[in-house]
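Survey of secondary and tertiary structure
Given next are the chains, with one letter for each unit.
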Amino acid sequence: MQQWTDLFLNKPLPEGWMQGLLFITFGLHLLFVLLMLGTAILSLLFFLRDLLRQPSPDQHWNEHVAHSHMGLKSLAVVLGVGPLLLMQISHPHAFFTVTGLFSYVWLAIIPLLLTAFLLFDGFAHKLTTSAWLALICGLLGVAALMTVPAIFTGALTLMERPAEWADFAARGFRFDAQWMPHWVLRYLHVLGAAVAFGAAFHLFFSARNDKQKAPLLRKWLLGALAAQAVIGLALLATILPQLSVPVLSFISLGALALGAAVWILRPETSTADYRLLALLPLIFVSMLLARQLMQNEALAPGEAEAKAQREQRVQDLAPFSQKALDAFA
């Protein structure tokens, strides 16, 4: 008799509810990840900018930005538990296959996060007392933190391409892999979103009434949104065969909102234009909906095949069920 390994368990909720919960929990997690990562990147960049200026200005504002990272990282980590569990239940076949293929780098996420958080806390506490120690901690901490989304985007990229699993298992990471350009662009898209949302967050949170810092953050926000448009077009070229009408509709809505946000940021007539508070969530939600629809469409054939195999195994095992229950009793 064949050794069966699958557990024939029903999902705790209907599929629609599962997808809705996954969208909400992952959306909240991603939002705080972007705010956390953007805060870390911008805080380090502002520190380097001020460090190179002579005489070096006061770092207290940078210290305020860096210290806000602690609350953001806590929320990002806590809110990441839900989507991770839901992904395991909703897409077990693809999730466990890819995390197995990514096993070493997947397990590296924990030490990378611990290292990044400890080093960045050191950076935040040494900003005003030891510039060189803060520089070392900041560079290493942000580098470790930026590695984590590279792993996640790599795993998701491979998860959505079941046809590439066997080749990846045999040959591992290759720069000539078909999915590699999509992975790189997807990673850059995440970094651009982090800078954009981090700049927007601190434009309203840390520098709303600051006549010096607010224009600087507006420039970073404008630059990040413009970069997102360029990266997004290149990323779109890598997924053209996978585009459906609903996906393209959500991408178009997000692109229109991004264009409106860039237009608002062009003239520097105000330090914090509150129309952005409506446009940025619209961009975020529309792009996230497009991403989840594409993921569901990519994983649907494999899930249907795995479900059919499980149902066939249930039928094959049915003659032995009563015998097994009797033996157990």
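What counts and what doesn't
- Residues numbered from 1 in each chain as written.
- Predicted model: local features only at pLDDT ≥ 70, side-chain atom pairs only at ≥ 80, totals over all residues.
- Heavy atoms only, no water.
- Helix = DSSP H or I, 4+ residues; strand = E, 2+ residues; numbered from the N terminus.
- Buried < 20%, exposed > 50% of the residue type's maximum accessible area, 1.4 Å probe, protein only.
- Contact = heavy atoms within 4.5 Å.
- Areas by Shrake-Rupley, 256 points an atom, 1.4 Å probe, with all protein chains shown as cover.
- Lys, Arg positive; Asp, Glu negative; His and termini not counted.
- Charge placed at Lys NZ, Arg CZ, Asp CG, Glu CD.
- Patch = residues over 30% accessible without salt bridge, like charges linked within 9 Å, V, L, I, M, F, W, Y side chains within 5 Å.
- Salt bridge = Lys/Arg side-chain N within 4 Å of Asp/Glu carboxyl O.

**Focus on the overall build of the protein**
Within the protein one finds 13 helices and zero strands. Element order for the protein, N to C, with α for helix and β for strand: α-α-α-α-α-α-α-α-α-α-α-α-α. For the protein, the spread of C-alpha atoms along the three principal axes comes to 80 × 45 × 40 Å. For the protein, the residues scored as buried account for 44% of the 329 residues in total. Put simply, 81% of the contacts in the protein that link residues at least 6 apart link residues at least 24 apart. Accessible surface, the protein as shown: approximately 17500 Å² in total, 70% of it carbon and sulfur. Between the mean site of the 21 positive side-chain charges and the mean site of the 19 negative ones, the protein shows a separation of 9 Å.

**Looking at a nonpolar patch on the surface**
Taken together, the side chains of L13, W17 and L21 make up a nonpolar region of the molecular surface, amounting to roughly 320 Å² of accessible area. Looking at where L13 falls in the secondary structure, it is placed in the segment before α1 (15–51).

**Quick notes on the side chain of Q19**
Relative to the assigned elements, Q19 resides in helix α1. Since its relative accessible area comes to 13%, Q19 is described here as buried. Apart from residues no more than four positions distant in its own chain, Q19 is found in contact with S90, H91, Q292 and N296.

**Remarks on the pattern of salt bridges**
Pairing is possible between side chains that carry opposite charge, provided their charged atoms lie close to one another. Applying the stated rule across the entire model yields three salt bridges. Linking D121 and K73 is a salt bridge whose minimum nitrogen-to-oxygen distance equals 2.9 Å. Taken together, the residues span a long stretch of sequence, with D121 in helix α7 (residues 109–126) and K73 in helix α3 (residues 69–79) at a distance of 48 residues. The residue D167 makes a salt bridge to R171 at a minimum N-O spacing of 3.6 Å. Linking D167 with R171, this pair stays in helix α9 (residues 165–171), spanning four residues, or about one helical turn. For D167, a relative accessible area of 24% translates into the label partly exposed.

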